[in-house]
Amino acid sequence: MSLDLFGGRRLKMGIWGLGRGSAFVNSARALGIDIVAGCDFDDIVRNKFHEICPEAVLTDNEEDFFKLDFEAVLVSTFCPNHAQDTIKALKAGKHVLSEVTAFFTPAQGVELVEEVEKRGLVYNLAENYPFTKLNMYLARLYKQGIFGELAYAEFDYVHGGVNPCVTYLDGTPLVPGNRLHHWRGWLNYHYYCTHSLGPIMVISGLRPEKVTAFPEDVFCKGTVHGKGRKVDGIVPNLCAFAPSLIQMSNGSVVRNLMGGSVSDSHQKRFFGTKAAYDGKYLHIGGAERGPRLEIDPQWDEMGQEAEKAGHGGGDFWELYYFARQIVTGEKAPWDIYAASDVTLAGIQALRSALSEGEPMEIPDFRKKEVRDRYRNDNWMAKHIEPEKIFPEDQDTSITNDFAPACKAFVPLVTLVRSALDGMKVYDAVKKENKILVIEKVKELRSRLDEIRKSYSRVRKIADAYPSSQGGEALREKLELGEEARIMDKDALLAELDDFLIHA
Ligand SMILES: NC(=O)c1ccc[n+]([C@@H]2O[C@H](COP(=O)([O-])OP(=O)(O)OC[C@H]3O[C@@H](n4cnc5c(N)ncnc54)[C@H](O)[C@@H]3O)[C@@H](O)[C@H]2O)c1
């Protein structure tokens, strides 16, 4: 059932880029938005979208797409292409909800801002993390003055694992498989800074003004990367941390942390001058001995519908705000200027990191004289080429197995490390966690033949091109997965059995 939010007015919308784009179908239905068109040049992605949204006319090319009858478009194409793609959509007369981030270089940002100003169409950035139940509650408290003024905050957006670089968003291995994902395979995490900084901006209403960051020279094991900033000047992709310190417009400081790591982290700490939230407790009382309250915020209106959408409700709300602005003119949180602020905070952080921490301004693109300084600024960091991780003369009958082999292999390495490291820390872990360790050891034991087969499959690719970026990553991952121990089956079984008998 759809909500009738806009007095019976139904919005016709197209989706450009049907991977992430497919996440909006349910929210659109709930909001009474008709997804009438979709565009993606990848057959696999398009066919999957058709299964969940058969009513939409689908095409593989943008010219045909823009001829279809709809007034608004979700731009969910490759991350670094959003500015150019949004400009095309605006020129075709469509309102745009653009996935994060808004643009890839400052010069593109200037062009995009001016195109939005010229067209007078609605532009919103689809930064969804501010619209989770908790973040919306913190924003309400801030508005009510409970926090006072923001003094310091730190939000994380840290992901574990390397899988997204060899698969489509739904986990299907890339085709052809001898490469990394189009942009996830090379994009440095500083560029993807909106999910951690975005909520702080929306909660506090402040803009980021200045940023400083140190370069990260340590990468996750077994991921594809260059030789490091000091050797070949290549920055890591999503396999390293990307922390920065940001000065906000009221003089407060924010630590913005993104990263690819061995574990997820979505920590939130928000300190105001009158109250604080530490990730679990709300501290009120205006001084150190005040009460510590565990909170369980509830949705306002439309919460049930929001709950069903992805990302803790965020996808629902951003679509709702966008539609509301088109229909009623009421401003949504992420206009082109806020979108520029949050996007530039990441670009300038990486720039600062590559200048040994030199503080960089986060230019305010609301001002034409500021934009003029960045109009020709096409700076971008040097990165690996995701389609060239094996030599040009590679035998694709071997290398095309890279993505499917990795997809199967990576979780097995996680299992191996979990079991072997679990055995090492077993004595110290709490009783309820001991069972988890025992289960992992048993699983390793029962899947040992499958694991050995997967290791051999990966070893074949690594040995074929040992000094290529792809080959090096596989060798590193095999080492992480204790290949030598795994291949010595009898010795390992004896070790595992000995542990299980005494555990
Ligand atoms: N806000 C969030 O929580 C969230 C989550 C995931 C992804 N995203 C964003 O959504 C965007 C898309 O993410 P994804 O995971 O689907 O990435 P993706 O790169 O896998 O998907 C982009 C899709 O667009 C298609 N495409 C690109 N250019 C095209 C063109 N000119 N014509 C036709 N099709 C084209 C590609 O074939 C691909 O299927 C990214 O920018 C990402 O930052 C946001």
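Keep in mind the model is a prediction, meaning the values are calculated, not measured.

Colleague: Any chance you could explain the domain arrangement of the protein chain here in plain terms?
Modeller: Quoted interface sizes are often the accessible area lost when the parts come together. When the domains of the protein chain are assigned, the result is domain 1 (11-125), domain 2 (129-300 + 333-374) and domain 3 (396-502). Placing the centre of domain 1 and that of domain 3 at their C-alpha centroids yields a distance of 41 Å.

Colleague: It is not clear to me how the packing of helix 13 (residues 402-425) against helix 15 (residues 448-464) should be interpreted in this structure. Could you clarify?
Modeller: Pairs of packed helices are described in terms of their axes, by the angle between the two and the distance that separates them. Relative orientation of the contacting elements helix 13 and helix 15 amounts to 130°, with a least axis distance of 9 Å. The angle between the axes of helix 13 and helix 15 places the two elements in the oblique class. Helix 15 is crossed by helix 13, and the crossing has left-handed handedness. Residues Phe402, Ala405, Ala408, Phe409, Leu412 and Val416 of helix 13 touch helix 15, and the partners they reach there are Ile451, Ser454, Arg457, Val458 and Ile461.

Colleague: Got a minute to help me understand the sheet that holds strand 7 (residues 150-160) in this structure?
Modeller: Where strands meet in a sheet, backbone hydrogen bonds hold them as pairs that are either parallel or antiparallel. Here we have nine strands laid out as an open sheet, ordered 14-13-12-11-7-10-9-8-15, and mixed in their pairing. With partners counted over all chains shown, the strands left at the sheet margins are strand 14 (292-294) and strand 15 (360-361), one partner each. Here strand 7 pairs with strand 11 (residues 268-272) via five bridges, running antiparallel. Among the inter-strand pairings, Phe155 is bridged to a residue of strand 11, identified as Lys268. Sheet strands in contact with helix 7 (residues 194-204) are strand 7, strand 8 (208-212), strand 9 (241-248), strand 10 (253-261) and strand 11, and its direction is about 150° off that of strand 7. Across the sheet, helix 10 (residues 336-353) is in contact with strand 8, strand 9 and strand 15; its angle to strand 8 comes to roughly 20°.

Colleague: Looking at this structure, how should I read the sheet that holds strand 1 (residues 11-16)?
Modeller: Here six strands make up an open sheet; going across it, the order is 3-2-1-4-5-6 and the pairing parallel. In the strand order of this sheet, the two ends are held by strand 3 (57-59) and strand 6 (123-125), each with one partner. Averaged over all neighbouring strand pairs, the angle between strand axes comes to 20°, with direction disregarded. Here strand 1 runs beside strand 2 (residues 33-39); their pairing, made up of six bridges, is parallel. Its bridge partner being in strand 2, Ile15 is matched across the sheet by Gly38.

Colleague: Help me understand the pairing of strand 9, please; the structure alone is not making it clear to me.
Modeller: Sheet topology places strand 8 next to strand 9; four bridges connect them, and they run antiparallel. Looking at the pairing, Lys210 lines up with Gln247 of strand 9. When strand 9 meets strand 10, the two strands line up antiparallel, connected through seven bridges. Bridging across to strand 10, Ile246 finds its partner in Val254. Between strand 9 and strand 10, which pair antiparallel one after the other, the connecting turn spans four residues, and Gly251 there sits at a positive phi close to 95°.

Colleague: What exactly am I supposed to notice about the nonpolar core here?
Modeller: Counting residues in hydrophobic clusters, the biggest one holds 142 residues, and the most contacted among them are Met13, Val73, Leu319 and Ala345. Ranked by residues supplied to this core, first place goes to helix 13 with twelve residues. Once residues lying within four places of it in the same chain are set aside, the contact partners of Ala345 are Cys193, Leu197, Pro208, Val211, Ile246 and Ile362.

Colleague: Got a minute to help me understand unusual backbone geometry in this structure?
Modeller: Glycine aside, the phi torsion of most residues is negative, and most peptide linkages are trans. The residue after Val100, namely Thr101, is reached through a cis peptide bond having omega -5°. Relative to the assigned elements, Thr101 resides in the loop between strand 5 (95-98) and helix 5 (106-119). Residue Val175 is joined to Pro176 through a cis peptide bond whose omega torsion reads -10°. Following the sequence through the fold, Pro176 ends up in the loop between strand 7 and helix 7. Of note, Glu356 is a non-glycine position whose phi angle comes to about 55°, a positive value. If you trace the backbone, Glu356 turns up in the loop between helix 10 and strand 15. Even without glycine at this site, Glu482 takes up a positive phi of about 50°. The topology assignment puts Glu482 in the loop between helix 16 (469-480) and helix 17 (483-487). By the C-beta count within 10 Å, which is 18 here, Glu482 ends up partly exposed.

The rules behind these values
Residues numbered from 1 in each chain as written. Predicted model: local features only at pLDDT ≥ 70, side-chain atom pairs only at ≥ 80, totals over all residues. Domains from an automatic or database assignment. Axes fitted to C-alpha atoms, helices over the stretch in contact; angles between N-to-C directions. Helix = DSSP H or I, 4+ residues; strand = E, 2+ residues; numbered from the N terminus. Parallel < 35°, antiparallel > 145°, perpendicular 65-115°, else oblique. Left-handed = near helix turned anticlockwise from the far one by under 90°. Contact = placed C-beta atoms within 7 Å. Pairing = 2+ DSSP bridges. Core = buried A, V, L, I, M, F, W, Y, C linked by C-beta atoms within 7 Å. Buried ≥ 20, exposed ≤ 12 C-beta atoms within 10 Å, placed from the backbone.

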